[in-house]
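Notes for the structure review
Listed here are the chains, written in short residue letters.
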Amino acid sequence: MEFKIGLMMDLPDGKIPGFYAQIVKALAGKVELFDRDKEMLIVSNEEQQRAALEVMAHFNIETSIMELRLLVEEAELTDLFSDYGFTSRAEHNYLYDKIVIPFRFTTNSPAAEVDQAALQVEEHLIAQYKDGDHDVYVVDRQLEELMHGIAKAYRCSIEILR
């Protein structure tokens, strides 16, 4: 999963339709947008974030910053996904970093026990994907302690991925 930066624009009501087009045009010359979705611009680094914020300031547009995680294309999403992220216009899947936690079972955990623990984790799963030989599980950040407890109950341990 890659980190991305979301810039949520608070566009004023009643602006003419061309106003958004003016913003996009101004951004085009100064910012490398990775992606966008409705009123959210997505950039790859802080340098691009600063450049985008300068354009927003020029147009007097309030902007809030959100840390995002870009899921790999092969990620399996559950029904919970839409509560924790979104799919952009470009069909990229993002999670709000502040409210999710990715983890994997450690390599010294017994495979048979990991399979059983993974079954217990399933009901809380937001997304799952492969990272090399490891399965990576993504759950609600508030469930971190529960995930450690499930792993411990099956004589496994987990590693939180930051």
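Look a little higher up for the structure.
Treat the numbers as computed from the prediction; the structure is a model and nothing was measured.

Moving on: the overall build of the chain. Each helix and strand counted, the chain has 5 helices and 11 strands in total. For 162 residues, the compact-globule estimate of 2.2 N^0.38 gives 15 Å, and the chain exceeds it by more than 25% at 19 Å. Expressed along its principal axes, the backbone C-alpha trace of the chain runs to roughly 60 × 25 × 25 Å. Computing the positive centroid from 16 side-chain charges and the negative centroid from 30, the chain places the two 5 Å apart.

The next thing to look at is unusual backbone geometry. In the Ramachandran plot, E91 falls in the positive-phi region, its phi being about 70° despite a non-glycine side chain. Following the sequence through the fold, E91 ends up in the loop between strand 6 (85–87) and strand 7 (93–96). The exposure class of E91 is exposed, given its relative accessible area of 65%. For R155, which is not a glycine, the phi torsion comes out positive at approximately 55°. Structurally, the position occupied by R155 is in the loop between helix 5 (144–153) and strand 11 (158–160). Since its relative accessible area comes to 62%, R155 is described here as exposed.

Any pair of aromatic rings gets described here by the distance separating the centres and the angle formed by the planes. Scanning all chains against the criterion turns up 6 aromatic pairs. Judged by centre distance (5.9 Å) and plane angle (80°), the rings of F19 and F59 are edge-to-face. Remark: F59 occurs in the loop between helix 2 (46–58) and strand 4 (62–70) and F19 occurs in helix 1 (residues 18–28); sequence separation between them is 40 residues. Arranged with centres 5.5 Å apart and planes meeting at 80°, the rings of F105 and Y137 form a pair that is edge-to-face. Linking F105 in strand 8 (residues 100–105) with Y137 in strand 10 (residues 134–140), this pair joins segments that are 32 residues apart in sequence. Members of the aromatic cluster, each reached through a chain of ring pairs, are F86, Y94 and Y96.

Moving on, we come to the pairing of strand 4. As defined by bridge partners, strand 1 (residues 2–10) adjoins strand 4 across 9 bridges and the pair is classed as antiparallel. By the bridge assignment for strand 4, M9 is matched with T63. In this sheet, strand 7 lies alongside strand 4 in antiparallel orientation, the contact comprising 3 bridges. Considered in strand 7, the bridge of L68 is made with Y96.

Assignment of secondary structure puts Q48 in helix 2. Residue Q48 is classed as buried on the basis of its relative accessible area, which comes to 9%. The contact partners of Q48, leaving out residues within four places of it in the chain, are K30, V31, E32 and V43.

Residues D10, D13, E39 and E62 make up a contiguous surface patch of negative charge. Along the chain, D13 turns up in the loop between strand 1 and helix 1.

By the burial criterion, the buried members of helix 5 are M147, I150 and A151. Each buried residue of helix 5 sits inside an arc of 100° when the element is viewed along its axis, so together they form one side. Exposed and oriented more than 90 degrees from the buried face of helix 5 are E145, K152 and A153. Buried residues along helix 5 sit against strand 8, helix 4 (111–121), strand 10 and strand 11. One or two residues past the end of helix 5 sits R155, with phi positive at roughly 55°.

Rules of the game
- Residues numbered from 1 in each chain as written.
- Predicted model: local features only at pLDDT ≥ 70, side-chain atom pairs only at ≥ 80, totals over all residues.
- Heavy atoms only, no water.
- Helix = DSSP H or I, 4+ residues; strand = E, 2+ residues; numbered from the N terminus.
- Rg over C-alpha atoms; globule rule 2.2 N^0.38 Å.
- Lys, Arg positive; Asp, Glu negative; His and termini not counted.
- Charge placed at Lys NZ, Arg CZ, Asp CG, Glu CD.
- Buried < 20%, exposed > 50% of the residue type's maximum accessible area, 1.4 Å probe, protein only.
- Phe/Tyr/Trp six-rings, centres within 6.5 Å; stacked < 30°, edge-to-face > 60°.
- Pairing = 2+ DSSP bridges.
- Contact = heavy atoms within 4.5 Å.
- Patch = residues over 30% accessible without salt bridge, like charges linked within 9 Å, V, L, I, M, F, W, Y side chains within 5 Å.
- Areas by Shrake-Rupley, 256 points an atom, 1.4 Å probe, with all protein chains shown as cover.
- Salt bridge = Lys/Arg side-chain N within 4 Å of Asp/Glu carboxyl O.
- Arc of directions from axis to C-beta.

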